[in-house]
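# Structural overview
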Amino acid sequence: MMALRRTCLPLLLMLLLPVLLPAQKFLRGYVKDALSDERIPFASIRFMQSGMGRLSDSAGNFSFSFRDWPQDTLVVTYVGYSDYKLFTGNLPENSSIVIRMDRSTIRAEVVVSRKIDRGYLMWKRIVKHKKENDRYRFPNFRYELYNKMELDINRIKKEKLNRIKLLKPFSFILDNVDSSEGDPFLPFFLTETISDYYYQRDPFKTREIIRASKTEGVDNESVSRLLGGTDANVNVYANFIPVFDKQFISPISDNGDQYYRYTVLDSQFVNGRRLIHMSFTPKRKGESTFSGDCWVHDTSWAIQKMTMSLSTDANINFVDRLSLIQEYKMIDDSTWFLVKDKFVADITPLGKKSAGFIARKTTTYRNIVHDQDFILDSLRSNRIMQEVTLEKDARKKDNAYWNEQRHEALSKNERAVYAMMDTLQKMPQFAQYTNIINFLATGYFETGNIELGPWQNWVFSNLQEGLRLRFDVGTNRGFNKNLIAHGYLAYGFGDKKFKYEADALYLFTKQPRSYVFAKYSKDIDYGQQYLDEVSQDNIFALAIRKPGIPIKFLFTEEKRLDLFKEWHSGFSVTLSNTSKQYTLLRNLPPDSIYSKQAGGAPLNNFETSVKLRFAYLEKFLENTFYRISLGSPYPIGEIKFSRGISGVLNSSYQYSKLSASVSDYLRLPPYGTLYYNFFAGRTYGTLPFMLLDVAPGNEIYYYNKYAYSLLNKWEYVHDRYAGFGLEHNFGNGLFRFIPITRKLKFRQFWTAKALWGSLSDANKQYNASSGYPFNTQFKSLDGKTYMEIGTGVDNILKVFRIDFVWRLFPRPLPVEKEKRFGVFFSFRLAF
């Protein structure tokens, strides 16, 4: 009986306890960054009146229990963030909440002289042990990488969009607008990749095998390659961290104490390890630095987590907020390795109050191994130093594969993106609207398997042709995925003549590239389209032409055949055969001074050439037929040899040409970028001026860095030459010391261009006519130096640039004041 009492009494108390005691009420939730969605660990959470408080745990979670629901204000604080306040009296009992904290503006700190600066000592310890903690210390490693990038349109005004009639067919898209997290946003683009990444330190090699790639609505292999992990590596242990096209100074750079102030905040124990919390803020305004905080393992002095944000006065365009987060974990008893990095940017092309974009890129790392022989075995198959391969079925993986292989499940918004894009691709109206937008932006309009445009060339006018109308038509990839054909017909109402062109390109292979190109044309040749950024035969060029400079008109009938072959190493060969018959029309020497040679026709030429080019690790953005170079981390070199052969297709001229150039964009953080181009050439033979080496001039007010701003076209001709072009862009420079120019984000640069050249007496005589000596038609430097220098203001209104250019020598004549100094403009979109 006694035993039964001892058993029943505790049971009875447990049953009566909820009745005897008042019911407990709970407030639970977690704290996260409003921009990046990353949880904030160890945030201070307290009630203003009662003083009750605690810290969020290492995952940002917190929980309070009460007998009576508090009529109090909850205050959440964390270094680098604006205080968050919430009156709990308006919340229902037993609530679960999410606290979204915004990064605060960095305030100037008062520097107090101290005998011991704990923050500085902490930074020194981290830097001292960088080599021991950087993942690139290993001779080799391998991991599985999952990369996900999402684009959202934020600050959506749903009511206004619903009133736009043109958007009514797409009104279902607005059902995906998320208003749960402050400003409403619409997820509209998502891409994922899964790959195996291999690294070897010495000799340096990397290899990425993209096993799966999913980009709904974009069927482009080059995009899949660029969205892998090879071009997305951020390393906080490096001295500089890339942010778009800029290089920012890492908070743990070797000389970080010259740019940052460090503060030790507190310490916490996580999984039995003591982590020290340290913050960092810029010492000066306007420099390429971050603000943020990090958690440091106090035994190894390794970074466990770092969060970096751009300050409001950072010299970067179209970005309101930006966060970079890197998280490390122990993969064995002594090795910290990167397991997650995240990049989030609030992009505001039209201003902070207008609709913009949120770009989110998350990369996670699994199955990390290091110092294994099988890694070296895989890298032995590399054909180049850094190789990215896309498995044949990588873009054809089904949903079952992705559900099993992706490192984290898609959110509700992310799943909605795929469903929305699938629906849009099936809508005829979407294809129509896409074509219209593409037509306005690029000038080309697609209808079926045909492409029309560009519209910029439809209407033009000049002294020779009067009003000129032109119509272009070509095929697109719907016609054939390897062949593209194009042609145009133009008519001048002044000279009453038709002009035309037909050309075709056939791609044999895309990776690496090989093709054949053929062209036949009869048209005005404006000459010197040498890397011009604005062509001379469209409606915009007329408005920005320098006054008083006569346009030179040259008519050309051209036949051309090119063969191009490229190798994985970046080495390429172009074989060209070109036949040209020239007719001099206006503001050039008369045809009569050029007699036929070797039995051919006057001004008729046949040339065969071979061009060798080496651009190691050059990257491209490609469409079906054409590609745009994104540059190379190494100098790009070119050598070209040309041979003129008389008697072929009635050609008159026998000659040889040799030219070479080397160019590069050098990153010089924290001093910006330097572009250089060195070139030289020699022509052997007696030739008319258009076959000699003509110094590239610029006759419009739009700045072209590949031409000499204060020279006219066809002004200087040579048969031997050498020169260089330099452009140093060093960011805000002196502008960062002036509050107004720092706020306007002006940028500084300087340029220098030089040319040396000479012309043989035989070529001078051949290009002179009776009564018109050579120097009245053209000029030669005769061994002297031409040089011009410039500076100016870049990033005016974020898109414009003004160049002030001075000609140093040779000094122009007193009547040529316009050649002493010039002001030019240009525009570009850049971060």
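The rules behind each value
Throughout this document, residue positions are counted from 1 along each chain, in the order its sequence is written. Whole-chain, interface and lining totals are the exception, using all residues; otherwise, since this is a predicted model, local features are given only for residues with pLDDT of at least 70 and side-chain atom pairs are given and counted only at 80 or more. Excluded from the side-chain calculations are hydrogens and water; all other atoms, namely the structure's heavy atoms, are used. Runs of H or I in DSSP of at least four residues are treated as helices and runs of E of at least two as strands, each being numbered from the N terminus. Working definition: with a 1.4 Å probe on protein chains only, accessible area under 20% of the residue-type maximum means buried, over 50% means exposed, and in between means partly exposed. Only heavy atoms enter the contact rule, under which two residues are in contact if any of them lie within 4.5 Å. Only strands joined by at least two bridges in the DSSP assignment are considered to pair. Note on method: axes are straight lines fitted to C-alpha atoms, helices fitted across the in-contact stretch only, with angles between N-to-C directions ranging 0 to 180 degrees. Within a predicted model, pLDDT stands for the predictor's per-residue confidence, ranging from 0 to 100. Note on patches: the residues involved have over 30% relative accessible area and no salt bridge, like charges join within 9 Å, and the nonpolar side chains Val, Leu, Ile, Met, Phe, Trp and Tyr join within 5 Å. Accessibility throughout is a Shrake-Rupley quantity obtained with a 1.4 Å probe, and a residue counts as covered only by protein chains that appear here. Definition used for salt bridges: Asp or Glu carboxyl oxygen within 4 Å of a side-chain nitrogen of Lys or Arg. Throughout, the protein atoms alone are placed on a 1 Å grid, and a set of points is a cavity if a 1.4 Å probe fits but cannot get out or a pocket if it is open with protein on both sides within 12 Å along at least five of seven lines; lining residues have an atom within 4 Å of a point. Grid points are joined across faces, edges and corners, and a volume is the space filled by probe spheres set on the points.

Right, let's get into the overall build of the protein chain. Helix and strand content of the protein chain: 12 helices and 42 strands. Counting all 831 residues of the protein chain, 49% fall into the buried class. When contacts within the protein chain are restricted to residue pairs at least 6 apart in sequence, those whose partners lie at least 24 apart make up 64%.

Moving on, we get to the sheet that holds strand 2 (residues 44-47). Here we have four strands laid out as an open sheet, ordered 3-2-5-6, and antiparallel in their pairing. The open sheet has two edge strands, strand 3 (53-55) and strand 6 (84-87), and neither has a second partner. The average angle at which neighbouring strand axes cross in this sheet is 15°, direction not considered. Summarising the sheet, strand 2 and strand 3 pair through three bridges and their orientation is antiparallel. Within strand 3, the position partnered with Ser-44 by the bridge is Leu-55.

Let us look at the confidence of the model for the protein chain. Across the protein chain, pLDDT averages 86, with 89% of residues at or above 70. Low confidence marks residues 108-112, where pLDDT is under 50. Its contacts with residues over four positions away, or in another chain, come to three contacts.

In this section: a nonpolar patch on the surface. A cluster of nonpolar side chains, Ile-450, Trp-458, Val-459, Leu-467, Leu-469, Phe-471, Val-473 and Phe-493, forms an exposed patch at the surface whose accessible area comes to about 660 Å². Take the nonpolar patch: its biggest share by element is four residues, from strand 24 (residues 466-475). Here Ile-450 is to be found in strand 22 (residues 450-452).

Another point: the environment of Ala-752. As for its placement among the helices and strands, Ala-752 is situated in strand 39 (residues 747-758). Sequence separation of Ala-752 and Met-787 is 35 residues, and the distance between their C-alpha atoms is 7.4 Å. Here Ala-752 is in contact with Phe-724, Gly-725, Leu-726, Met-787, Glu-788 and Ile-789, once residues within four sequence places are set aside.

With that settled, consider the pattern of salt bridges. Oppositely charged side chains may form a pair once their charged atoms are brought near each other. Under the counting rule described, the total for this entry stands at 45 salt bridges. Salt-bridge contacts for Lys-305 lead to Glu-38; the nearest nitrogen and oxygen are separated by 3.8 Å. Note that Lys-305 is positioned in strand 16 (residues 303-310) and Glu-38 in the loop between strand 1 (25-33) and strand 2, a separation of 267 residues in sequence. When salt bridges with common partners are traced through the structure, they connect Glu-465, Arg-468, Asp-495, Lys-499 and Asp-523 into a single cluster.

A few words now on the sheet that holds strand 14 (residues 273-282). Taken in spatial order, the 11 strands line up as 13-14-15-16-17-18-19-8-9-10-20 in an open sheet, and their pairing is mixed. Looking at strand neighbours, the two that pair on one side only are strand 13 (260-270) and strand 20 (386-390), the edges of this open sheet. Strand-to-strand twist of the sheet, defined as the mean angle between neighbouring strand axes without regard to direction, takes the value 15°. Sheet analysis places strand 17 (residues 319-330) next to strand 18 (residues 336-347), joined by 11 bridges and oriented antiparallel. In the sheet register, Glu-327 faces strand 18, and the bridge partner there is Lys-340. Of the strands in this sheet, strand 13, strand 14, strand 15 (290-297) and strand 16 touch helix 2 (residues 118-128), which is tilted by about 80° from strand 13. Lying over the sheet, helix 8 (residues 412-425) contacts strand 8 (140-154), strand 9 (185-200) and strand 10 (205-215), oriented at roughly 105° with respect to strand 9.

To continue, consider empty space enclosed by the protein. For the structure on display, the rule yields five cavities of 30 Å³ or more. Put simply, the largest cavity is a space of about 100 Å³. Around the largest cavity, the lining is made up of 14 residues, and of these Arg-39, Pro-41, Tyr-81, Lys-305 and Thr-307 lie nearest the centre. Residue assignment for the lining of the largest cavity shows that the elements contributing at least two residues are strand 15 and strand 16.

Moving on to the environment of Thr-363. With respect to the secondary-structure elements, Thr-363 resides in strand 19 (residues 356-370). With 21 residues separating them along the chain, Thr-363 and Lys-342 place their C-alpha atoms 6.3 Å apart. Sequence-distant contacts of Thr-363, defined by excluding residues within four places in its chain, comprise Leu-145, Tyr-146, Asn-147, Val-339, Lys-340 and Asp-341.

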